[in-house]
Amino acid sequence: MSRNDGTEIRRAGSSGADKSRIMPGLAGVVGQDRLVSRLRQLLAQGVPGHAYAFTGAPGMGKRTLAHAFAAHWLCRAPDGAPCGACQSCRMHAAGTHPDVCVIQPENRKIAIEAIRGMQAAFSERAAFGGHLCIIEQAELMNEPAQNCLLKTLEEPPPNTLILLTTGAYDSLQTTIRSRVVRLPLDGYATEELNRILERRAAGQATAFLAAFCQGVPGRAMTLLESRTLEANRQRVLALLPEGQRGGSGLEALWRHLGENKAEFAEATELLQGLLRDLLAAREGADGRLIHTDKTDTIKKVARSRTREEWLAGMDKVEAIRLAVRDNLNHQLAVDALNAALGPLFGQ
């Protein structure tokens, strides 16, 4: 249910339960071999702790791992596969499990009422042997909410499990961090990320996205849905000169972004990727390029500028992106971008 204090707490049996997040367990996880191995060890030991924190950068899959781990803990089969056949597994898969609650922020806040709701749920008799709560983006708990959670962590009810996900672990109170087991996620290798994307992409080319998103699945999934990504990639690549010094694509990019404000963030992120390629090629690391279909051109253009010039270009573009987030006027941002790119790609 949603609260007017800016928090959503959801019992799995509510009509708002998100079934898309229920997965068959750790067997469905691609990559994260070290962490998956550790989770399997914890399950084999009967999950000795009562609270665990999945930590890592945004988009790394913390929520996915937490829900996969939960599926094992909830299974009533002897081996806890999860089996998918016991009543607990079926209700979990249907999003109707009475012993599961999920706390999510609203308006970037988790208030104390959500934690009190979890405590109330934990005080009820469990239908299947234990209560589980997943607190997503736990760093968004305000101080009263963290203080309230601490009371539960200090004296956890029997047969309860709390799973936190957080992209800012150090922002949690020290006393909370001392009472949870931290489970950090590793960055995904390009090959692993490509395998994840191939599962979702239905035949689309995914190698570029896997390299571009630098091991962050969430970002790759978002871009996979973009209808403008490839067109903007080609606009950015048109900055590279073909057979002559000085590309002809700068004015076209400037005009397009001036007329399409919604595409500015995507196009400038792609531009940063191209600048990273040029810098890598300038330093001889052309085996790490994102735009592998333009390797020869990138290697040639990279030599036309110094390392410092490519770095300065990256810094200028990033400064413009940050200014836009702080509400810089769109046309001013487009003009500033054009001025920053002119010395690098202008005729």
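Residue numbers restart at each chain and count upward from 1, following the sequence in its written direction. Local features in this predicted model are restricted to residues whose pLDDT is 70 or higher, and side-chain atom pairs enter the listing and the counts only when it is 80 or higher, whereas totals over whole chains, interfaces and linings include all residues. Excluded from the side-chain calculation are hydrogens and water; included are all heavy atoms of the structure.

So, about the packing of aromatic side chains. The pairing test for Phe, Tyr and Trp rings, Trp by its six-membered ring, is centres within 6.5 Å, and the orientation test on the planes gives stacked under 30 degrees, edge-to-face over 60, and tilted for anything in between. Taken as a whole and judged by the stated rule, the model has 4 aromatic pairs. For the pair tryptophan 310 and phenylalanine 345, a centre-to-centre distance of 5.9 Å together with 45 degrees between the ring planes defines the contact as tilted. Note that tryptophan 310 is positioned in helix H14 (residues 307-325) and phenylalanine 345 in helix H15 (residues 330-345), a separation of 35 residues in sequence. Take tryptophan 310 and phenylalanine 345: they sit in the same class, and that class is buried. Through a chain of ring-to-ring contacts, three or more aromatic side chains come together here, namely Tyr52, Phe54 and Phe69. Only DSSP runs of H or I reaching four residues or more are called helices, and only runs of E reaching two or more are called strands; each is numbered from the N terminus. Working definition: with a 1.4 Å probe on protein chains only, accessible area under 20% of the residue-type maximum means buried, over 50% means exposed, and in between means partly exposed.

At 3.6 residues per turn, the α-helix brings residues three or four places apart onto the same side. Take the number of residues in a helix, subtract one, and multiply by 1.5 Å to get its expected span. For helix H2 (residues 62-74), spanning 13 residues, the distance from its first C-alpha to its last is 18 Å, which sits close to the expected 18 Å at 1.5 Å a residue. Taken across its 13 residues, H2 has 11 buried, putting it largely inside the fold. Looking at H2, one finds that the buried residues are Lys62, Leu65, Ala66, His67, Ala68, Phe69, Ala70, Ala71, His72, Trp73 and Leu74. Contacts are assigned to residue pairs that have any heavy atoms within 4.5 Å of one another. Those residues of H2 that are buried are in contact with helix H1 (33-44), strand S3 (51-55), helix H3 (87-94), strand S4 (100-105), strand S5 (131-135) and strand S6 (160-166).

Mapping aspartate 277 onto the fold places it in helix H12 (residues 264-282). In this charge count, Lys and Arg are treated as positive and Asp and Glu as negative; neither His nor the chain ends contribute. By salt bridge we mean one thing: a side-chain nitrogen of Lys or Arg within 4 Å of a carboxyl oxygen of Asp or Glu. Buried and without a salt bridge, aspartate 277 has arginine 276 as its closest oppositely charged side chain, separated by 6.4 Å. Any N or O atom pair separated by 3.5 Å or less is treated as a polar contact, with the protein-specific requirement of one donor-capable and one acceptor-capable atom, and with residues adjacent in sequence counted only for side-chain atom pairs. Looking at aspartate 277, its side chain comes within polar contact range of the main-chain nitrogen of histidine 291, at 2.8 Å.

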